[in-house]
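The primary structure of each chain is shown beneath.
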Amino acid sequence: MFKEISFRRRLFVYIFSVFLAFTLIIIVFQFSREKKYRVNQLDNTLKNITQTIQNFISYNSLSQNNDFLLVDSLSKILPQPDIRITIINSHGLVLYDNFVDDFTLMKNHFYRPEVQESLYENFGTSIRKSATTGKEYYYYSRYFGEYFIRVAVVYNIEVKDFLRAEHMFLLFIAIIFLSIWIILDFITRKFAESITKLKDFVIKVRRDEDFDTNQDFPKDELGIIGNEIIHMYDNLIKTKDSLALEKEKLFNHLYVLNEGVAFFSNKKTKILTNNHFIQYLNIISNKLSVSAEDFFTIPEFNPIIDFIDKSIKENTLDIFDNLPGKEISINKSGKYFKIQCSIFNDKSFEIMITNITKLEKSRIIKQQMTSNISHELKTPITSIKGYLETIINEPDMEAGQQRHFIERADAQANRLTDLLNDIVILSKIEETGDFFAFSDLNVNEIIDDVLDDFQNILSEKNMKVELLMDEDIMVNGNLSLVLSIFRNLLENSINYAGTNCKIKIQIYREDDRFYYFSLSDNGIGIPDKHLSRIFERFYRIDSDRSRKLGGTGLGLAIVKNALALHKGEISVKNKEEGGIEFLFSLPKVE
């Protein structure tokens, strides 16, 4: 297999071929011109001789006397030696030939080429071998009306050399040819240097190989073009790498977003989507397996679909300052979703599905909580206001009665304070949970602190607390919240279990991450119909009894939210032998 010829070599061959063809044309032309010149020169010499002979014949009236033998005397004085002179009448009969002794025996010469040509031209010439003498001659013939005068020279080496072009011209052409060869080689080498470097650059790019962007191109137009191409490609690669990095960031961002995001072309074909988009489509459509394109078949999205169809059909090329968009909300299977759609300038579009269940439920809870707080605050405030107004309106009231009213107002004020404190704690957990500081806590020490606070009421109600766990149980959590968990659970059992009861606290299971606690009592328990709601805010099984005992209705809600902040869980059940049992988990120290 032949090796591929380089561009420089091909360029050299192309230019050299053109130059060679041009040179050959010049040589052929010059040879032809030179030979024609020499032939003309010989023809002019022979023409002068024929004219001299004609003048001699006319002057001596040889034609009228039909005596051409006197031409012998003329042939002897001609400056050119060995000139053959032949006189032929108009019918081809030879009247005289100085090279033939008995010319009367010569054949008819009317059809000799040179004679025939001279009939129609000013003169006729030919190179041929003489049938009479057997020698090769260069013939020149002229017709003078009554006869032909033909002169001839022997076509020997001397005549051939005379008619041959000069060889010095070839030497001159050869020198010029060699010079042009060298110049062409230099020019094509310089010209092809940039092309070769660009070719190597393209091959390396195609093979995805490393290349040096600092190429040393020649200082010419091609070199400038080469430098600019490599510079632009280098910038293109940098831009491509930057876009690839940004694209990767975008993909990574899409896949970690909690929102479901999908991009579609103006033909409603998927361009890009993330997992959450498909997951949310599954929930909303109640189907286990859907694709991104199934969005346009789900009835819940009809308002968005109609908006997309209308936007795509609008034949407008305007560049939007604000992208057209539409937003709807969907409530499906107890979850709330916000669907947003934006149309881009090329009629492609983005659809984003956001799970707003937590926000929506938080809004509903806050709305309910606001209503409940208003209701809960109204009772103690009304009581305090009533007691104070009674004291003010009856200045003669007995001191004992007055003191009773003041004590009742103080009790309601304390209840109001407890309620506000619980509301503050609950709000902090929900709104600023990430700002609670966590540390390693000893559970036994926390329980001991809580029991110290409840020691008097435990004694009054003849209740006992049994702690069944090791003394070195450590959890990772916020001190005030873990304290609040055990305080509220113990307080709940103390207030509602009854007298002469026993409260038991133990660890019933553990794994690599959590301790699982049980806090139970053997009291009256809770009716089963209330178990699913006791962790709701302000939910009371017996409102009057709860208020009399000073409960705010937020204790167990605080427990549930505090445990959720610690990634733990809580559940409640009635024991078969009587009483209630709370099961909850707290994280171990890592």
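Here, the structure is the one placed above.
Keep in mind that what you see is a predicted model, and the values were worked out from it rather than measured.

### A look at the packing of helix α14 (residues 479-496) against helix α17 (residues 555-565)
Thought 1: Two numbers describe how α14 lies on α17: the axes approach to 9 Å, and their chain directions differ by 145 degrees. Judged by the twist between their axes, the crossing of α14 over α17 is left-handed. From α14, L481, S484, I485, N488, L489 and N492 reach across to α17, where they touch G555, L556, I558, V559, A562, L563 and L565.
Thought 2: Along the lines of polarity and charge, the residues of the contact of α14 with α17 split into nine nonpolar, four polar and no charged.

### A closer look at the packing of aromatic side chains
Thought 1: Applying the stated rule across the entire model yields 24 aromatic pairs.
Thought 2: Ring centres of F486 and F584 lie 5.6 Å apart, and the angle between their planes is 75 degrees; this geometry places the pair in the edge-to-face category. Taken together, the residues span a long stretch of sequence, with F486 in helix α14 and F584 in strand β17 (residues 580-587) at a distance of 98 residues. Like F584, F486 is buried.
Thought 3: What links up through ring pairs into an aromatic cluster is the set F264, F277, F295, F296, F301 and F349.
Thought 4: Above the face of the Y139 ring, R128 is positioned so that its terminal group lies 4.3 Å from the ring centre.
Thought 5: Here K588 stacks its cationic end above the ring of Y515, 5.0 Å away from the centre of that ring.

### Overview of the nonpolar core
What tends to happen in soluble globular proteins is that the nonpolar side chains get buried as a cluster.
Thought 1: Within the largest apolar cluster, 47 residues are counted, with the highest numbers of intra-cluster contacts made by F486, L489, F517, F582, F584 and L586.
Thought 2: Residue contacts for L586: discarding those within four places in its chain leaves V475, V482, I485, F486, R513, F514, Y515, F517, L563 and H566.
Thought 3: Among the nonpolar cores identified, the runner-up in size contains 29 residues, and I53, I87, V100 and M106 belong to it.

### Remarks on helix α12 (residues 443-453)
Thought 1: Of the positions making up α12, those classed as buried are V443, N444, I446, I447, V450 and L451. Down the axis of α12, the sector holding all buried residues measures 160 degrees, keeping them to one side. Along α12, exposed side chains directed more than 90 degrees from the buried face belong to E445 and D452.
Thought 2: Among the residues of α12, the N-terminal cap falls to N442, whose side-chain oxygen and the backbone nitrogen of N444 are separated by 3.0 Å.

### Remarks on the side chain of S520
Thought 1: Within the secondary structure layout, S520 lies in strand β15 (residues 514-521).
Thought 2: Residues within four places of S520 in sequence aside, it is in contact with K502, I503, K504, K575, I580 and E581.

### Some details on the environment of F177
Thought 1: As for its placement among the helices and strands, F177 is situated in helix α6 (residues 168-206).
Thought 2: Placed 157 residues apart in sequence, F177 and L20 show a C-alpha to C-alpha distance of 8.2 Å.
Thought 3: Setting aside residues up to four positions removed in sequence, F177 forms contacts with F16, F19, L20 and T23.

### Points about the packing of α12 against α14
Thought 1: Interaxial distance between α12 and α14 falls to 10 Å at its minimum, and their mutual angle equals 50 degrees. In terms of their interaxial angle, α12 and α14 are classed as oblique. Read as a crossing pair, α12 and α14 show a hand that is right-handed. Contacts between α12 and α14 pair V443, I446, I447, D449, V450, L451 and D453 from the former with L479, V482, L483, F486, R487 and L490 from the latter.
Thought 2: Here the residues of the contact of α12 with α14 sort into ten nonpolar, no polar and three charged.

### Brief notes about the pairing of strand β14 (residues 502-510)
Thought 1: Across five bridges, the pairing between strand β12 (residues 464-468) and β14 is parallel. When the sheet's bridge partners are listed, E466 is paired in β14 with K504.
Thought 2: Connecting β14 to the antiparallel partner β15 that follows it, the hairpin turn spans three residues.

### Focus on the sheet that holds strand β10 (residues 349-355)
Thought 1: Ordered in space as β7-β6-β10-β9-β8, the five strands form an open sheet in which the pairing is antiparallel. In the strand order of this sheet, the two ends are held by β7 (270-273) and β8 (325-332), each with one partner. When strand polarity is set aside, the average angle formed by the axes of neighbouring strands in this sheet is 15 degrees.
Thought 2: Across eight bridges, the pairing between β8 and strand β9 (residues 335-343) is antiparallel. Residue pairing for β9: K332 is matched across the bridge by K335.
Thought 3: Against the sheet, helix α9 (residues 302-313) engages β8, β9 and β10, with an angle of about 0 degrees to β9.

### A word on the sheet that holds strand β16 (residues 570-574)
Thought 1: In space, the five strands of this open sheet follow the order β12-β14-β15-β17-β16, with mixed pairing throughout. In this open sheet, the two strands that pair with only one neighbour each are β12 and β16. Neighbouring strand axes in the sheet, compared pairwise and without regard to direction, differ in orientation by 20 degrees on average.
Thought 2: Where β15 meets β17, seven bridges bridge the pair, whose relative direction is antiparallel. Across the sheet, the residue bridging to L519 is F582, located in β17.

### Here we look at a nonpolar patch on the surface
Thought 1: A cluster of nonpolar side chains, V13, Y14 and I15, forms an exposed patch at the surface whose accessible area comes to about 270 Å².
Thought 2: Mapping V13 onto the fold places it in helix α1 (residues 7-60).
Thought 3: Residue classification places V13 among the partly exposed positions, given a relative accessible area of 38%.

### Considering a negative patch on the surface
Thought 1: Together, E445, D448, D449, D452, D470, E471 and D472 make up a negatively charged patch on the protein surface.
Thought 2: Relative to the helices and strands, E445 resides in helix α12.

What counts as what
Residues numbered from 1 in each chain as written. Predicted model: local features only at pLDDT ≥ 70, side-chain atom pairs only at ≥ 80, totals over all residues. Heavy atoms only, no water. Axes fitted to C-alpha atoms, helices over the stretch in contact; angles between N-to-C directions. Helix = DSSP H or I, 4+ residues; strand = E, 2+ residues; numbered from the N terminus. Left-handed = near helix turned anticlockwise from the far one by under 90°. Contact = heavy atoms within 4.5 Å. Nonpolar A, V, L, I, M, F, W, Y, C, P; charged D, E, K, R; others polar. Phe/Tyr/Trp six-rings, centres within 6.5 Å; stacked < 30°, edge-to-face > 60°. Buried < 20%, exposed > 50% of the residue type's maximum accessible area, 1.4 Å probe, protein only. Lys NZ or Arg CZ within 6 Å of the ring centre and 35° of its normal. Core = buried A, V, L, I, M, F, W, Y, C linked by side-chain atoms within 4.5 Å. Arc of directions from axis to C-beta. Polar contact = N/O pair within 3.5 Å; in protein donor to acceptor, adjacent residues only side chain to side chain. Parallel < 35°, antiparallel > 145°, perpendicular 65-115°, else oblique. Pairing = 2+ DSSP bridges. Patch = residues over 30% accessible without salt bridge, like charges linked within 9 Å, V, L, I, M, F, W, Y side chains within 5 Å. Areas by Shrake-Rupley, 256 points an atom, 1.4 Å probe, with all protein chains shown as cover. Salt bridge = Lys/Arg side-chain N within 4 Å of Asp/Glu carboxyl O. Lys, Arg positive; Asp, Glu negative; His and termini not counted. Charge placed at Lys NZ, Arg CZ, Asp CG, Glu CD.

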